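Here are the chains, one letter per residue:
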Amino acid sequence: MPSLQTALPPELANNVIRLYRECLRRAKYIGHQKHNTELLVNMVRQQFKRNKHETDPEKIQKMKDDAARGLINHILYESERLSGRKFSKSS
């Protein structure tokens with residue numbers, strides 16, 4: 001199965017620290033809009049801390065893919081919201 005991270009810039013997808021920072025930025029952005037910034041930022045931090053000692057490359061890749069999927073979903077959501085256009089094929 002190909003990695004979802006190919007949709008992200010390589011400097012972000014290949015670097016866990018940059019991926020973490022981008023997840024935190026998105027959490028702060030969403031949290032500011034929904035008035036629950038602290039909760040969302042803490043959720044991101046907990047997910048990364050819980051898995052920071054993982055050494056299995058397949059598990060690491062899956063976690064990175066999951067984080068990338070979350071970022072991509074949020075980017076699509078914001079693009080749809082701002083443009084008024086629908087980019088996904090949901091019913």
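Check the entry above for the structure.
Residues numbered from 1 in each chain as written. Predicted model: local features only at pLDDT ≥ 70, side-chain atom pairs only at ≥ 80, totals over all residues. Heavy atoms only, no water.

### Details of the nonpolar core
So, step 1. Formed by L19, C23, L24, A27, L40, V41, V44, A67 and L71, the largest nonpolar core amounts to nine residues.
So, step 2. Broken down by secondary-structure element, the contributors of at least two residues to this core are α2 (16-34), α3 (37-50) and α4 (57-83).
So, step 3. For this core, the element with the highest residue contribution is α2, accounting for four residues.
So, step 4. Setting aside its immediate chain neighbours within four residues, C23 contacts V44, F48, A67 and L71. (Core = buried A, V, L, I, M, F, W, Y, C linked by side-chain atoms within 4.5 Å. Buried < 20%, exposed > 50% of the residue type's maximum accessible area, 1.4 Å probe, protein only. Helix = DSSP H or I, 4+ residues; strand = E, 2+ residues; numbered from the N terminus. Contact = heavy atoms within 4.5 Å.)

### Looking at the packing of aromatic side chains
So, step 1. Tallied over the full model, the rule gives one aromatic pair.
So, step 2. Aromatic side chains Y20 and F48 sit 4.8 Å apart centroid to centroid with 65° between the ring planes, which places their arrangement in the edge-to-face category. Taken as a pair, Y20 in helix α2 and F48 in helix α3 lie far apart in primary sequence, 28 residues in all.
So, step 3. Given a relative accessible area of 23%, Y20 falls into the partly exposed group.
So, step 4. You can call F48 partly exposed: its relative accessible area is 23%. (Phe/Tyr/Trp six-rings, centres within 6.5 Å; stacked < 30°, edge-to-face > 60°.)

### Examining α2
So, step 1. For α2, spanning 19 residues, the distance from its first C-alpha to its last is 26 Å, which sits close to the expected 27 Å at 1.5 Å a residue.
So, step 2. Looking only at α2, the buried set comprises L19, E22, C23, L24, A27 and G31.
So, step 3. Positive backbone phi, approximately 60°, marks H35, located one or two places after α2. (Expected span 1.5 Å × (residues − 1).)

### Re the pattern of salt bridges
So, step 1. In this structure the tally under the stated criterion is five salt bridges.
So, step 2. For the salt bridge of R25 with E22, the shortest nitrogen-to-oxygen distance reads 3.2 Å. Of this pair, R25 and E22 both sit in helix α2, three residues apart, roughly one helical turn.
So, step 3. Across the pair D66 and K62 runs a salt bridge, and its minimum N-O distance is 3.0 Å. Taken together, the residues span about one helical turn, with D66 and K62 both in helix α4 at a distance of four residues.
So, step 4. D66 gets classed as partly exposed once you look at its relative accessible area, which sits at 33%.
So, step 5. One network of salt bridges, with partners in common, ties together E22, R25 and R26. (Salt bridge = Lys/Arg side-chain N within 4 Å of Asp/Glu carboxyl O.)

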